[in-house]
Amino acid sequence: MQKFIKDLANHVGEEITIKGWLYNKRSSGPIAFLELRDGTGWIQAVAVKKDFSEELWTEMEKVGQESSVEVVGAVTKHPKKENVFELQIKDFKILQLAADYPIALKDHGPDFLLDNRHLWLRSRRQWAILRVRDAITTAINEFLHQEGFIRTDSPIFTPSACEGTTTLFPVPYFDEGTAYLSQSGQLYSEAAIMSVGRCYDFGPVFRAEKSKTKRHLTEFWMMDAEAAFVEHDENLKLQEGLVRYILRYCLKNCQEELLTLERNQEPLQKADAPFTRFTYDQAIEKLHELGSDIKYGEDLGNDDEGLLTKDSAVPVFIEKWPKSIKPFYMKRDAENSDRVLNDDLIATEGAGEIIGGSQREDDYELLLSRIQAEGLDVEDYKWYLDLRKYGSVPHSGFGIGLERMVRWVTGVEHIRECITFPRTIGRLKP
Ligand code: 4AD
Ligand code: MG
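The name given to the chain in an unreviewed UniProt entry is Asparagine--tRNA ligase, and the organism recorded there is Candidatus Magasanikbacteria bacterium GW2011_GWC2_34_16. Quoted straight from UniProt, the Subcellular location (unreviewed entry) entry for the chain says "Cytoplasm". Comment text from UniProt for the chain, heading Sequence similarities (unreviewed entry), reads "Belongs to the class-II aminoacyl-tRNA synthetase family."

1. Describing the domain arrangement of the chain
Taken domain by domain, the chain consists of domain 1 (5-96) and domain 2 (117-418). Using only C-alpha atoms to locate each centre, domain 1 and domain 2 end up separated by 45 Å. The partner domain 2 presents five residues to the nine residues of domain 1 that form the contact. At the surface where domain 1 touches domain 2, the tally comes to two salt bridges.

2. Points about the UniProt feature "domain: Aminoacyl-transfer RNA synthetases class-II family profile" (unreviewed entry) in the chain
Under the UniProt annotation, the feature "domain: Aminoacyl-transfer RNA synthetases class-II family profile" (unreviewed entry) is placed at residues 130-430. Across residues 130-430, the secondary structure splits into 35% helix and 22% strand, with the terminal C-alpha atoms separated by 17 Å.

3. Points about helix H5 (residues 186-196)
By the burial criterion, the buried members of H5 are Gln186, Leu187, Ser189, Glu190 and Ile193. Projected down its long axis, H5 shows its buried positions confined to an angular sector of 155°, all on one face. Against strand E10 (198-206), strand E11 (219-228), helix H12 (382-386) and strand E18 (395-401) lie the buried residues of H5. After H5 finishes, the residue glycine 197 shows a positive phi value of roughly 90°.

4. Observations concerning the sheet that holds strand E4 (residues 68-77)
Strand order in the closed barrel formed by five strands is E1-E2-E3-E5-E4, and the pairing between neighbours is mixed. Pairs of neighbouring strands in the sheet enclose a mean axial angle of 55°, with direction left out of account. The sheet contact formed by strand E3 (residues 42-48) and strand E5 (residues 85-96) spans three bridges and is parallel. Bridging from a neighbouring strand, glutamine 44 pairs with glutamate 86 of E5. Contacts between helix H1 (residues 54-62) and the sheet are confined to strand E1 (15-28), strand E2 (31-37), E3 and E5, with E5 contributing the most and set at about 85° to the helix.

Thresholds applied
Residues numbered from 1 in each chain as written. Chains lettered and ligands numbered in written order. Predicted model: local features only at pLDDT ≥ 70, side-chain atom pairs only at ≥ 80, totals over all residues. Heavy atoms only, no water. UniProt positions renumbered as here; feature names shortened; annotations may be inferred. Domains from an automatic or database assignment. Contact = heavy atoms within 4.5 Å. Salt bridge = Lys/Arg side-chain N within 4 Å of Asp/Glu carboxyl O. Helix = DSSP H or I, 4+ residues; strand = E, 2+ residues; numbered from the N terminus. Buried < 20%, exposed > 50% of the residue type's maximum accessible area, 1.4 Å probe, protein only. Arc of directions from axis to C-beta. Pairing = 2+ DSSP bridges. Axes fitted to C-alpha atoms, helices over the stretch in contact; angles between N-to-C directions.

Here it is in structure tokens:
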């Protein structure tokens, strides 16, 4: 009977079948140690020559790394290690013999690994990252449903910009002219909340970012949450609740993965505490104290974000930014019409911005004037303006970058390892 490696604790003493791949092989004369993986984990399988026919032993000797195999054997407890199991091989079948697997179990340069991303995914480290990514997705879905959000999703082909016109990817679209790949599903979620109250979308978004940094992809996954009758302060509470839920979920469910990645878990544990809150003005002041030469009205760079959070055990909200450097849809701050009711959430350990959110402008005239001031085509946003004509309500939302979150939780240096097939300014393949 086929069993999964993750379940072997329940099958000690039984004879079972593992279907998977050969990860590594060592042999010392009459004993061979085959390290097998089946997607759920890794196990050492032991073969003793005297128990095998000459033919089967020869077969086993020629099996190369990443050959697909079917192995029958008895599950035993590791002689020394607690909670580790081994397989005493009785029978062995090669499904497909792999020869000269290009990724040896040693160091390769990043370009080589990226060119072979389709194979690199099989390494232990990439396996762990993929699983943390899945855990974060699950945590997000769980938390949002607990908070009364339902998933509605947004289109990818869009006729206009959500996050500024400079990072749009155009696509020829039949007789309709040019479509643009979505930068964020937010505007559509704003329409959907007027039906269901609270909703979210979760999918790929696209930014023609020229930035060659360790935090930028041109295609990444974003979850945009949106809620009717939620204002700025409550919006921040939801974001903090979500991020802390994700951290707790991963610490609880991803121990094997985090150990594989040699992730120091203490900073993640400590980050699960009330977040710090600075206004943009306070942040600039603090940055000046810390020696930055950033000017009022400028966006924060990577270095500034790092400087601002370097001594903080918890993520930091920067709220109420100048409207001139933020998108048209953000609601003005009643106390200072030059500021908007928004926030960026900066994670700890130099992980940078993980969330962008805001209360949305809900007044028809003010929104119209912002669209015009940005030089956007009012015709494109007519439907969006309608939402302020028919039962407008205060509402807020935010977007979390999935791979940014994966990067922070895993402690992986470069965001390109946080998605199956990264797309960056210089990479479209494989
Ligand atoms: O701050 P952003 O641009 O916000 C929005 O798009 C809003 N419409 C979201 C909303 O209110 N519903 O992007 C949100 C998050 C960022 O905080 C960051 O985590 C991630 O998306 N992000 C990127 N991740 C990887 N590569 C890039 N090029 C990214 N750009 C943004
Ligand atoms: Mg942002």
